[in-house]
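So the chains spell out like this:
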Amino acid sequence: MDRETDMVPPLSIGGWPALSRWALGPGTQFADPALLVDGLVAAVRADGIGEARLPAELTLTLRSANPLLMTSEVRWTLARNGAEERLSLGLDDMMPGATAATDIHRTVTRRIPLADGSVQVLRLACDADGAGAATLDPLADAMAAALLGPLEALIGRRALVTLAETYLGRRSARKVLEGAITRGHRERIEAVLWVSDLRGFTALSERLPPDRVVALLNAYFERQAAPIRAFGGEVLKFIGDGLLAIFPIEDGDADQAMRQAVRAARSALGSVTAYRQKAEAAGEPAPAIGIALHLGPVDYGNIGAPDRLDFTAIGATVNLASRLEGLCKPLGIPLILSAAAAAHAGEPIAVLADQRVPGIAEPIRIMTLADFAPKS
């Protein structure tokens, strides 16, 4: 018969000197849960637990009180002598290569409560007739107790990174977490700028209740942010019903950055069009969007007040991109490219009539992709 216990671990790791040292030192340094579990098993081995007494399977299910973090599962198997992490559908999900469930006759489970209110779950499993069956309970107790500090550190680190990436974007979050937090700290980079906006949204928002406005914005932002991220860009900020994103030019390869931005724009416009068709069929409001792409140097870094900073991009490139987006509505075109951006688009281009924009004395040459050009 299986025997399963569900206990909070004791606070002592007495009799496990190597495991104790690992829990107080190296164990708190991991950012990768799979490496953490590998380190845990290595520490147990250092305390004299040989292969015959190791569990056939060790499963660590990670849950967070932070709703932005997804539950994941790390499974270590004796046969593989290593751990893997994946998103978890449940505690009993099997991972590829894991020991078959029919070979496991005894399991013990330990709950590991953390300071954020979350509860992590450790499960050890072995053959009831194996040499490790007799030591499964004390081994589970020791491992669970040893994991308290390391899991506090790992979950906290993950929550911080996820929070920063959610509100700042991946690239900007990395900069901030690496210490770029001084007001005025910036770097000059070359990038493709994306500015987009919903047409007629101000008038629409005055007619809709607030919950409908928020739902509509979320639907449109999601359909733009997903392809931006998928094609290597980063959303820097949402401004009302507008969006500012950046595609950094890496290693001077402007062609690659611009072509990725074009792919993202095509994907976003296609997704928004499909959404609009469904909304219109249901009698729901469905505003169009306009996107402008411009390429050039930007100042990327911290601006703001001493106690309230924004990590963003500023400069003439950003300003012109914003002005170009404002031409989408009067010209009836969903995508406008500056001449600098069009030169690297890698697709047939249609040249439009030069346009005057506020704040710039000379008319600006603008373009679009050939298939978006107005039909004559």
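Residues numbered from 1 in each chain as written. Predicted model: local features only at pLDDT ≥ 70, side-chain atom pairs only at ≥ 80, totals over all residues. Heavy atoms only, no water.

Within the structure shown, the criterion is met by 5 aromatic pairs. With a centroid separation of 5.0 Å and 85 degrees between ring planes, the pair formed by tyrosine 300 and phenylalanine 311 is classed as edge-to-face. One end of the pair, tyrosine 300, is in strand 10 (residues 289-305); the other, phenylalanine 311, is in strand 11 (residues 308-314), and 11 residues separate them in sequence. In terms of burial, tyrosine 300 and phenylalanine 311 fall into one category: buried. (Phe/Tyr/Trp six-rings, centres within 6.5 Å; stacked < 30°, edge-to-face > 60°. Helix = DSSP H or I, 4+ residues; strand = E, 2+ residues; numbered from the N terminus. Buried < 20%, exposed > 50% of the residue type's maximum accessible area, 1.4 Å probe, protein only.)

This paragraph deals with helix 4 (residues 170-177). Within the span of helix 4, buried status applies to Arg171, Ser172 and Ala173. Two residues or fewer after helix 4 comes glycine 179, characterised by a positive phi angle close to 115 degrees.

Here the focus is the packing of helix 1 (residues 17-24) against helix 2 (residues 33-46). In the contact formed by helix 1 and helix 2, the axes pass within 7 Å of each other and the chain directions differ by 150 degrees. Taken together, the axes of helix 1 and helix 2 lie roughly antiparallel to each other. In this structure, helix 1 crosses over helix 2, and the sense of that crossing is right-handed. Packed against helix 1, whose contacting residues are Ala18, Leu19 and Trp22, the element helix 2 presents Leu36, Gly39, Leu40, Ala43, Val44 and Ala46 at the interface. By residue class, the composition of the contact of helix 1 with helix 2 is 8 nonpolar, 1 polar and no charged. (Axes fitted to C-alpha atoms, helices over the stretch in contact; angles between N-to-C directions. Parallel < 35°, antiparallel > 145°, perpendicular 65-115°, else oblique. Left-handed = near helix turned anticlockwise from the far one by under 90°. Contact = heavy atoms within 4.5 Å. Nonpolar A, V, L, I, M, F, W, Y, C, P; charged D, E, K, R; others polar.)

Here we come to the nonpolar core. Judged by nonpolar contacts, the single largest core of 42 residues is most densely connected at Val192, Trp194, Met258, Ile291, Leu293, Leu335 and Leu337. No other element matches the 11 residues that helix 7 (residues 254-281) contributes to this core. Beyond its immediate sequence surroundings of up to four residues, leucine 335 is in contact with Ala265, Leu269, Ile291, Leu293, Met367, Thr368, Leu369 and Phe372. Grouped together as the second largest cluster of nonpolar side chains are 37 residues, Trp22, Leu36, Trp76 and Val108 included. (Core = buried A, V, L, I, M, F, W, Y, C linked by side-chain atoms within 4.5 Å.)

As a further point, take the confidence of the model for the protein. Should pLDDT be low for a region, the predicted coordinates there are not to be read in detail. When pLDDT is averaged along the protein, the result is 86; 89% of the residues meet or exceed 70. Per-residue pLDDT stays below 50 along residues 1-11; that stretch engages in 31 contacts with residues further than four places along the chain or on separate chains. Every residue in residues 88-102 scores below 50 in pLDDT, and together they form 36 contacts with partners more than four places removed in sequence or on other chains. (pLDDT = per-residue confidence, 0-100.)

Counted by the stated rule, this structure contains 16 salt bridges. Between arginine 110 and aspartate 141 there is a salt bridge, with the nearest N and O atoms lying 2.7 Å from each other. With arginine 110 in strand 5 (residues 106-113) and aspartate 141 in helix 3 (residues 136-168), the pair connects residues that are 31 residues apart, well separated along the chain. Aspartate 141 sits in the partly exposed class, given a relative accessible area of 21%. As a salt-bridge pair, glutamate 280 and arginine 276 come within 3.5 Å of each other at their nearest N and O atoms. Placement of the pair is glutamate 280 and arginine 276 together in helix 7, with a separation of 4 residues, close to one helical turn. With relative accessibility at 46%, the residue glutamate 280 sits in the partly exposed group. Residues participating in the shared-partner salt-bridge network are Arg106, Arg110, Asp137 and Asp141. (Salt bridge = Lys/Arg side-chain N within 4 Å of Asp/Glu carboxyl O.)

Time to look at unusual backbone geometry. Trans is the prevailing form of peptide bonds, just as negative phi is the prevailing case for residues other than glycine. Phi is positive for asparagine 81, close to 55 degrees, though the residue is something other than glycine. Relative to the helices and strands, asparagine 81 resides in the loop between strand 3 (72-77) and strand 4 (82-87). For aspartate 251, which is not glycine, the phi torsion reads 55 degrees and is therefore positive. Here aspartate 251 shows up in the loop between strand 9 (242-248) and helix 7.

A separate point is the pairing of strand 9. Strand 9 sits mainly inside the fold: 7 of its 7 residues count as buried. Neither face of strand 9 is open: one carries Gly242, Leu244, Ile246 and Pro248, the other Leu243, Ala245 and Phe247, and all of them are buried. Judged from the 6 bridges that link them, strand 7 (residues 186-198) and strand 9 form a sheet pairing that is antiparallel. By the bridge assignment, valine 192 is partnered in strand 9 with phenylalanine 247. Pairing of strand 8 (residues 234-239) with strand 9 involves 5 bridges; the strand directions are antiparallel. Bridging across to strand 9, lysine 237 finds its partner in leucine 244. (Pairing = 2+ DSSP bridges.)

Now for the packing of helix 1 against helix 3. Relative orientation and spacing of two packed helices are given, respectively, by the angle between their axes and the distance between those axes. With their axes 8 Å apart at the nearest point, helix 1 and helix 3 run at an angle of 20 degrees to one another. Comparing the axis directions of helix 1 and helix 3 gives the class roughly parallel. By crossing handedness, the relation of helix 1 to helix 3 is classed as right-handed. The residues of helix 3 that touch helix 1, namely those facing Leu19, Trp22 and Ala23, are Ala142, Met143, Ala146, Leu147 and Pro150. Looking at the contact of helix 1 with helix 3, its residues break down into 8 nonpolar, no polar and no charged.

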